[in-house]
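# Breakdown of the fold
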Amino acid sequence: MLEDALGYPLRTDDRVATLIVGGALIVASVFVLPAFVLQGYLVRVLRSAASGEREAPSFTDWGKLFVDGVKLVVVQAAYGLVISIPIVAAVASFFLGGVTGSEAGIAAFGTVSLLLLLLAALLSILVAYVLPAAMTNFALAGELSAAFDVEALREAALSGRYLVGVLFGVVLGGVINIVASPFALILIGIPGLFYGQVVAHYCFGRGFAEATDAVDGEETSGPTGVHGRSGQEHPRVGR
């Protein structure tokens, strides 16, 4: 997977233009709307990688990229909500302890706050692990509900192949970002930051596909497979 992931963004005739556009979108993301287009492209990367395609997609059909990006952000926000609920509850418990005005009340509510923060930390790890599978399943099916398909997500999460894909994505993406970040101030490193995102999402998509037998090599695997280069999609939302 290492060689395929690192070479994936470069195996296309318009690789230079794609890296430049991707880098420009990272810079323009401060204006919000371009961030959705960037997320939409990453949806396309997830779908492409899970389909066994060896070449990174191009920036085409920008309207579709924007819509897919909005949907992906909704998925990310929904999973983020799982983490935020115990954090908000912990903060509320902490302030309630102060309102009681007694040492016993402060100690009791303080303990509850710590337990809730511990729960939030555990949920953060779980969400970080499951989210790539949720995003990929959404990318394949094109429906928001696919991101919450418990059966498909459980099948992926319990697979060693998916674990490897997530670890490769996190490590490779992190290393590339560390290398590129010092050069971002002089703009040279910004396409590198985009390259790192593409590499990471390629690993996520491949890990999910291999874990769920979504593809067989570079071809689709029957009616429950995913689309090939023809562009026809087949939802992958459990079995």
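The structure we're discussing is the one just above.
Residues numbered from 1 in each chain as written. Predicted model: local features only at pLDDT ≥ 70, side-chain atom pairs only at ≥ 80, totals over all residues. Heavy atoms only, no water.

Let us look at the nonpolar core. Core analysis: the biggest nonpolar cluster contains 27 residues, and Tyr79, Ala133, Leu153, Ala156, Tyr162 and Phe208 have the highest contact counts within it. Counting residues per element, this core draws most heavily on helix H5 (residues 103-141), at 10 residues. Membership of the second largest hydrophobic core comes to 20 residues, among which are Tyr8, Val37, Val45 and Tyr202. (Core = buried A, V, L, I, M, F, W, Y, C linked by side-chain atoms within 4.5 Å. Buried < 20%, exposed > 50% of the residue type's maximum accessible area, 1.4 Å probe, protein only. Helix = DSSP H or I, 4+ residues; strand = E, 2+ residues; numbered from the N terminus.)

Once that is clear, we can look at the packing of helix H2 (residues 15-28) against helix H3 (residues 33-50). Each pair of packed helices gets described by two things: the angle between the helix axes and the distance between those axes. The N-to-C vectors of H2 and H3 enclose an angle of 140°; their axes lie 8 Å apart at closest approach. As judged from the angle between their axes, H2 and H3 are oblique. Helix-helix and strand crossings are classified by hand; for H2 and H3 the assignment is left-handed. Across the interface between the two elements, Thr18, Gly22, Leu25, Ile26 and Ala28 of H2 pack against Pro34, Val37, Leu38 and Tyr41 of H3. Looking at the contact of H2 with H3 residue by residue, the class counts come to seven nonpolar, two polar and no charged. (Axes fitted to C-alpha atoms, helices over the stretch in contact; angles between N-to-C directions. Parallel < 35°, antiparallel > 145°, perpendicular 65-115°, else oblique. Left-handed = near helix turned anticlockwise from the far one by under 90°. Contact = heavy atoms within 4.5 Å. Nonpolar A, V, L, I, M, F, W, Y, C, P; charged D, E, K, R; others polar.)

Mapped onto the fold, Leu153 is located in helix H6 (residues 150-157). Overall, the relative accessible area of 7% leaves Leu153 in the buried class. Residues Leu153 and Phe208, 55 residues apart in the sequence, show an inter-C-alpha distance of 8.9 Å. The contact partners of Leu153, leaving out residues within four places of it in the chain, are Tyr79, Val130, Ala133, Ala134, Ala147 and Phe148.

So, on to the environment of Asp13. Locating Asp13 in the fold gives a position in the loop between helix H1 (2-7) and H2. With a relative accessible area of 82%, Asp13 lands in the exposed category. On a C-alpha basis, the gap between Asp13 and Ser58 in space is 9.4 Å, while along the polypeptide they are 45 residues apart.

Along the chain, Met1 falls in the segment before H1. When its relative accessible area of 28% is taken as the criterion, Met1 is described as partly exposed. Spatially, the C-alpha atoms of Met1 and Phe168 are 8.1 Å apart, while their sequence positions differ by 167 residues. Excluding anything up to four places from it in sequence, Met1 contacts Gly165, Phe168, Cys203, Arg206, Gly207 and Glu210.

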